[in-house]
Amino acid sequence: MKLFKKLAAVVLAAALALTMVGCGGNSYAMQNELLKLSIDYMTDRGKTVTHTKKADDLAAALLAAADTAAAQKENEGTKAKELLKDPAVIKAAGIDPEKTPCKVNLIDNVQFKSSGTMGDYLKMEWMASVTNPSQFVPIGTFRPGDNKGEIGAATHKIGDKSYILILVTYTPTTPSIT
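The structure displayed is predicted, hence computed values, not measured ones.

**Notes on the overall build of the protein**
Okay, step 1: Broken down by element type, the protein carries six helices and five strands.
Okay, step 2: Mapped from its N terminus to its C terminus, the protein presents α and β elements in the order α-α-β-α-α-α-β-α-β-β-β.
Okay, step 3: Within the span of the protein, comprising 178 residues, buried residues form 37% of the whole.
Okay, step 4: In the protein, of all internal contacts separated by at least 6 residues, the share reaching a separation of at least 24 is 78%.
Okay, step 5: Carbon and sulfur atoms make up 57% of the accessible area of the protein, which amounts to about 10,300 Å² in all.

Written as structure tokens, this is what we have:
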């Protein structure tokens, strides 16, 4: 019953957010709602994640680095998701996979045109599927254990296509030896 109530709350929150987004959408509102749904999914699975500026900045830097890489001739035709895993792009974003491992979820920044009950249903269904934790791809060895995670989001173009990136990270701790 608890799970049903949580899922009902997520669906209601998504419906309310979608009514604010309206036809055509607002990229920031969509980014914010996808971020909140990702947090809800992780919290429901017993994870502790906090939205931080640090994680927002890492997401923005990774998108910008991928966009820069996409403009290079040798990366012509490379998919955006593949660029995010490129060690040169990760390094250009200032991410050290050993010190700051991440999980990222690159989402097409879809601008919905449908409205009404069916349109809202389709948007909610899409939002639930793209924020599922199985959509996240690791950068580095992600083993947070008891560490608290940080989550952030950014919207940016890679090439001529707009994306929303949800990024989860944490700072690994060294186990104490007593």
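**Here we look at the pairing of strand β4 (residues 149-158)**
Okay, step 1: Of all 10 residues that make up β4, seven are buried, and the element is covered over most of its length.
Okay, step 2: Both strand β1 (residues 49-51) and β4 contribute to a ladder of three bridges, which runs parallel. The residue of β4 that forms the bridge with V49 is G149.
Okay, step 3: Pairing between β4 and strand β5 (residues 161-169): nine bridges, direction antiparallel. When the bridges of β5 are listed, K157 appears paired with S162.

**Observations regarding the sheet that holds β4**
Okay, step 1: With respect to topology, five strands assemble into an open sheet ordered β1-β4-β5-β2-β3, the strand pairing being mixed. Looking along the sheet, the strands with just one partner apiece sit at the ends: β1 and β3 (137-139). When the angles between neighbouring strand axes are averaged without regard to direction, this sheet yields 35°.
Okay, step 2: The pairing of strand β2 (residues 102-108) with β3 spans three bridges and is antiparallel.

**Focus on helix α3 (residues 53-70)**
Okay, step 1: Taking 1.5 Å of rise per residue, 18 residues should cover 26 Å, and α3 covers 25 Å from first to last C-alpha, within 8% of that figure.
Okay, step 2: Regarding α3, the residues found buried are A55, L58, A59, L62, L63, A65, A66 and A69. Buried positions in α3, seen along its axis, are confined to an arc of 165° and lie on one side of it. Counted as exposed and oriented over 90 degrees from the buried face of α3: K53 and T68.
Okay, step 3: Against α4 (80-85), α5 (87-92), β2, β3, β4 and β5 lie the buried residues of α3.

**Considering the pattern of salt bridges**
Okay, step 1: Counting across every chain of the model gives four salt bridges.
Okay, step 2: Between D57 and K53 there is a salt bridge, with its nearest N and O atoms 3.1 Å apart. One end of the pair, D57, and the other, K53, are both in helix α3, four residues apart, so they sit about a helical turn from each other.
Okay, step 3: We note a salt bridge from E82 to K85, for which the minimum N-O separation is 3.4 Å. Residue E82 and its partner K85 are both found in helix α4; the two are separated by three residues, about one turn of the helix.
Okay, step 4: Residue class for E82 comes out partly exposed when judged on its relative accessible area of 44%.

Conventions and cut-offs
- Residues numbered from 1 in each chain as written.
- Predicted model: local features only at pLDDT ≥ 70, side-chain atom pairs only at ≥ 80, totals over all residues.
- Heavy atoms only, no water.
- Helix = DSSP H or I, 4+ residues; strand = E, 2+ residues; numbered from the N terminus.
- Buried < 20%, exposed > 50% of the residue type's maximum accessible area, 1.4 Å probe, protein only.
- Contact = heavy atoms within 4.5 Å.
- Areas by Shrake-Rupley, 256 points an atom, 1.4 Å probe, with all protein chains shown as cover.
- Pairing = 2+ DSSP bridges.
- Axes fitted to C-alpha atoms, helices over the stretch in contact; angles between N-to-C directions.
- Expected span 1.5 Å × (residues − 1).
- Arc of directions from axis to C-beta.
- Salt bridge = Lys/Arg side-chain N within 4 Å of Asp/Glu carboxyl O.

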